[in-house]
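Each chain, letter by letter, is given below.
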Amino acid sequence: MTDRLPQKLRSDAEDNRERILAAARTLFANEGLDVPMREIARHAGVGPATLYRRYPTKQALATAAFAEQVRACEAIVEEGLAAADPWQGFCLVIERICDLHIRHRGFTEAFLATYPDAIDSSASRELTLKSMARLARRAKARGQLRRDFELSDLVIMLTAHRGLQASAPATRLAASRRFAALTVQAFSA
């Protein structure tokens with residue numbers, strides 16, 4: 001029995017894939033994960049059959065569309081951990097995660113388990129939460145983070161952040177930055 005080599009996509013199929021992912025990212029960011037698959041296909045300029053052939057479920061599409069954001073989220077937490085001052089690292093994580101989530105609204109829903117199996121969220125979430133727990137312990141040890149802070153407080157904050165619904169992107173971004181600043185202030189010792 002011979003092993004089959006992975007097939008490289010034809011250039012037109014690769015173009016369709018990229019257009020589908022770009023459309024999904026845009027629509028998920030603007031409207032959240034409730035956007036219909038047919039609307040994504042229309043926005044990408046492909047037929048529904050083309051979309052479903054590549055991504056048979058919305059979960060599969062969300063997984064592919066948000067892979068970059070998952071990597072960005074993990075990198076943000078790692079950057080926070082690498083900061084010499086754990087409080088500055090903690091603040092950086094809050095600010096950048098809020099920025100990432102407001103720019104990609106659907107990502108917040110995916111991360112908070114609208115699709116619990118999407119984006120291999122369990123492994124990613126566990127790694128991210130363990131890293132945040134280490135960062136929080138370091139900030140607490142220095143007396144910079146509230147002693148009563150728990151990781152569930154961070155989840156509550158992210159859930160509340162989802163409520164920012166201003167229609168204009170610039171207004172949403174300004175509200176998100178204010179929200180992050182208030183959150184940091186609330187978590188400060």
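None of the values given here were measured: they were computed from a predicted structure. (Residues numbered from 1 in each chain as written. Predicted model: local features only at pLDDT ≥ 70, side-chain atom pairs only at ≥ 80, totals over all residues. Heavy atoms only, no water.)

Asker: Could you clarify how one ought to interpret the overall build of the chain in this entry?
Answerer: Within the chain, the regular secondary structure consists of ten helices and zero strands. Mapped in sequence order, the helices and strands of the chain form the string α-α-α-α-α-α-α-α-α-α. Each of the 189 residues in the chain was classed as buried or not, and the buried ones make up 42%. The contacts in the chain between residues at least 6 apart in sequence include a share of 70% that link residues at least 24 apart. Total accessible area on the chain is roughly 10400 Å²; 53% of this is exposed by carbon and sulfur atoms. (Helix = DSSP H or I, 4+ residues; strand = E, 2+ residues; numbered from the N terminus. Buried < 20%, exposed > 50% of the residue type's maximum accessible area, 1.4 Å probe, protein only. Contact = heavy atoms within 4.5 Å. Areas by Shrake-Rupley, 256 points an atom, 1.4 Å probe, with all protein chains shown as cover.)

Asker: Just checking my understanding: could you explain the side chain of Asn16 for this structure?
Answerer: By secondary structure assignment, the location of Asn16 is in helix α1 (residues 11-31). Side-chain polar atoms of Asn16 contact the side chain of Arg19, separated by 3.1 Å. Aside from chain neighbours lying at most four places away, what touches Asn16 is Val46 and Thr50. (Polar contact = N/O pair within 3.5 Å; in protein donor to acceptor, adjacent residues only side chain to side chain.)

Asker: Please explain the UniProt feature "DNA-binding region" (unreviewed entry) in the chain as it appears in this structure.
Answerer: UniProt annotation of "DNA-binding region" (unreviewed entry) refers to residues 36-55 when read in the numbering used here. Counted over residues 36-55, helix gives 75% and strand 0%. Its end C-alpha atoms are 13 Å apart. (UniProt positions renumbered as here; feature names shortened; annotations may be inferred.)

Asker: Teacher, can you tell me more about the side chain of Thr128 here?
Answerer: Position of Thr128 among the secondary structure elements: in helix α8 (residues 121-141). Leaving out residues up to four positions away in the same chain, Thr128 has contacts with Cys73, Glu74 and Val77.

Asker: Which parts of the structure should I look at to understand the environment of Ile20?
Answerer: Relative to the assigned elements, Ile20 resides in helix α1. Classification of Ile20 by relative accessible area gives buried; the value is 1%. Placed 25 residues apart in sequence, Ile20 and Gly45 show a C-alpha to C-alpha distance of 8.2 Å.

Asker: Any chance you could explain the packing of aromatic side chains here in plain terms?
Answerer: A ring pair, where both rings are aromatic, is described by two values, the distance of the centres and the angle of the planes. Overall, the coordinates contain five aromatic pairs when judged by the stated rule. With a centroid separation of 6.0 Å and an interplanar angle of 65 degrees, the aromatic rings of Phe90 and Phe187 are classed as edge-to-face. Of this pair, Phe90 sits in helix α6 (residues 86-103) while Phe187 sits in helix α10 (residues 169-187), and the two are 97 residues apart along the sequence. For the residue pair Phe90 and Phe187, the accessibility class agrees, reading buried in each case. Among the aromatic residues, those joined into a ring-pair cluster are Trp87, Phe90, Phe149 and Phe187. (Phe/Tyr/Trp six-rings, centres within 6.5 Å; stacked < 30°, edge-to-face > 60°.)

Asker: Please explain the packing of helix α9 (residues 151-161) against α10 as it appears in this structure.
Answerer: In a pair of packed helices, the angle between the axes and the distance between the axes together describe the arrangement. α10 packs onto α9 with a crossing angle of 160 degrees between their chain directions and a minimal axis gap of 11 Å. The angle between α9 and α10 falls in the class roughly antiparallel. For the pair α9 and α10, the sense of crossing is right-handed. Contact with α9, carried on its side by Asp153, Leu154, Met157, Ala160 and His161, involves Ser176, Phe179, Thr183 and Phe187 of α10 and no other residues of that element. (Axes fitted to C-alpha atoms, helices over the stretch in contact; angles between N-to-C directions. Parallel < 35°, antiparallel > 145°, perpendicular 65-115°, else oblique. Left-handed = near helix turned anticlockwise from the far one by under 90°.)

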